[in-house]
Amino acid sequence: MPEPEPPERAEGPGGYDPVGPRRHEAVSPTGQGGPMDLALEEAESVEGIEKSAGPTGPGPREKARSLWSDAWHQLRRNPVFIVSSLMILFLVIISIWPQLIASGDPLQCDLSKSQQGSSPGHPFGYDTQGCDVYTRTVYGARASITVGVCATLGAALLGSALGGLAGFFGGWGDALLSRVADIFFGIPVVLGGLVFLSVVTSTTVWPVVGFIVLLGWPQIARIARGSVITAKQNDYVQAARALGAGNGRMMLRHVAPNAVAPVIVVATIALGTYIALEATLSFLGVGLRPPTVSWGIDISNAASQIRNAPHMLLWPAGALSLTVLAFIMLGDAVRDALDPKLR
């Protein structure tokens, strides 16, 4: 039996079909400027825009950055961070391998060259004992960087642990830690160093490191305590607690990563302060002691000869100032990057 033909549809004026085109029929403009032509032009323009934009919208969406990735993005474009990082990298390299730029022995002296000025191969001259000032300045970076880094790590770890636990759990432990920290804040640093280190006979850096950690942890503990108290009040911590997360998991997974930024900033700035404190104690004769090579010891030996041989004081003091400045600049750059309100 032959198939029935589809019913014919009536066409309106101008050949316009009110029902619409049959399936598989191409839609073409009428050429008379009617509503059909306008609709086709709008559809073609919209289709062209969609094709040029692609399936994901007007352009590729940028992936959201975390606090640390956003901070690194800011630091890479900060000239203060770049300059200070290069200076610190150079200081760390020469503190580990001073023989890369100094071939002499810092303890080898010649009294016949006492207080002489610069000469070929000895650009910084000689000190009172006839030792090469350049070589001693290069080797002096090792003691200062070691004291600063070790004291900062010790104070940061101890202060973060005590302050974080006190801020997270609160109660009598928090009150006790606050009162103990107040006692340490009341001890003058230089006077405490004179009393504490005057009874120590060791010539290594560890008594100085221990003293700085002893007086440095309360500052970081107070910063860590405040950061933890602020972080534990956030909604995601309360949600984790409502879902049954334990104290250890909340502390390590949710509170600590969001409270560590202020501690890093304070510790970075404090590192330069600790280096200056070591030089001060060594200058007073209670810090590092000979035969250890230190900028503070060299500055102390050159202080009485500043009129006769100013080069003895200029170079170690300049190296100390640049080192402290580099770490303070680094701390300022890190603070600006980790604190969105300062941008």
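Residues numbered from 1 in each chain as written. Predicted model: local features only at pLDDT ≥ 70, side-chain atom pairs only at ≥ 80, totals over all residues. Heavy atoms only, no water.

If you walk through the whole model with that rule in mind, you get 6 salt bridges. Put simply, Arg 225 and Asp 174 hold a salt bridge, and the shortest N to O gap is 2.5 Å. Placement of Arg 225 in helix α7 (residues 206-231) and of Asp 174 in helix α5 (residues 171-185) is noted, with a sequence separation of 51 residues between them. Taking the relative accessible area as the measure of exposure, Asp 174 reaches 12% and is therefore buried. When the shortest N-O distance is used, the salt bridge between Asp 182 and Arg 222 registers 2.7 Å. With Asp 182 in helix α5 and Arg 222 in helix α7, this pair connects stretches of sequence that are 40 residues apart. (Salt bridge = Lys/Arg side-chain N within 4 Å of Asp/Glu carboxyl O. Helix = DSSP H or I, 4+ residues; strand = E, 2+ residues; numbered from the N terminus. Buried < 20%, exposed > 50% of the residue type's maximum accessible area, 1.4 Å probe, protein only.)

In this structure the tally under the stated criterion is 6 aromatic pairs. With 6.2 Å between their ring centres and 90 degrees between their planes, Trp 72 and Phe 81 make a pair best called edge-to-face. Here Trp 72 falls in the partly exposed class, since its relative accessible area comes to 45%. Judged by centre distance (5.7 Å) and plane angle (25 degrees), the rings of Phe 196 and Phe 211 are stacked. Here the residue Phe 196 occupies a position in helix α6 (residues 189-197), and Phe 211 occupies one in helix α7, the gap between them amounting to 15 residues. (Phe/Tyr/Trp six-rings, centres within 6.5 Å; stacked < 30°, edge-to-face > 60°.)

What follows concerns the nonpolar core. The tendency in soluble globular proteins is for nonpolar side chains to be buried as a group. Core analysis: the largest hydrophobic core is formed by 29 residues, its most contacted members being Ile 275, Leu 320, Phe 327 and Leu 338. Here this core gets 12 residues from one element, more than from any other, and that element is helix α12 (residues 311-338). Apart from the residues lying within four places of it in its own chain, the contact partners of Ile 275 are Ser 144, Ile 145, Gly 148, Leu 320, Thr 323, Val 324 and Phe 327. Counting residues in hydrophobic clusters, the runner-up holds 25 residues, among them Ala 143, Val 208, Leu 215 and Ala 270. (Core = buried A, V, L, I, M, F, W, Y, C linked by side-chain atoms within 4.5 Å. Contact = heavy atoms within 4.5 Å.)

Per-chain confidence: the protein averages 81 in pLDDT, with 79% of residues scoring 70 or above. Predicted confidence for residues 9-14 stays below pLDDT 50, and this span has 10 contacts to residues more than four positions away or in other chains. Contacts from residues 49-55, a stretch scored under 50 in pLDDT, to residues over four places away or in other chains number 1 contact. (pLDDT = per-residue confidence, 0-100.)

As a further point, take a nonpolar patch on the surface. On the surface, a nonpolar cluster with roughly 860 Å² of combined accessible area is contributed by Ile 82, Leu 86, Leu 89, Phe 90, Ile 93, Ile 96, Trp 97, Leu 100 and Ile 101. Tracing the backbone through its elements, the reader meets Trp 97 in the loop between α3 (79-96) and α4 (133-169). The exposure class of Trp 97 is partly exposed, given its relative accessible area of 45%. (Patch = residues over 30% accessible without salt bridge, like charges linked within 9 Å, V, L, I, M, F, W, Y side chains within 5 Å. Areas by Shrake-Rupley, 256 points an atom, 1.4 Å probe, with all protein chains shown as cover.)

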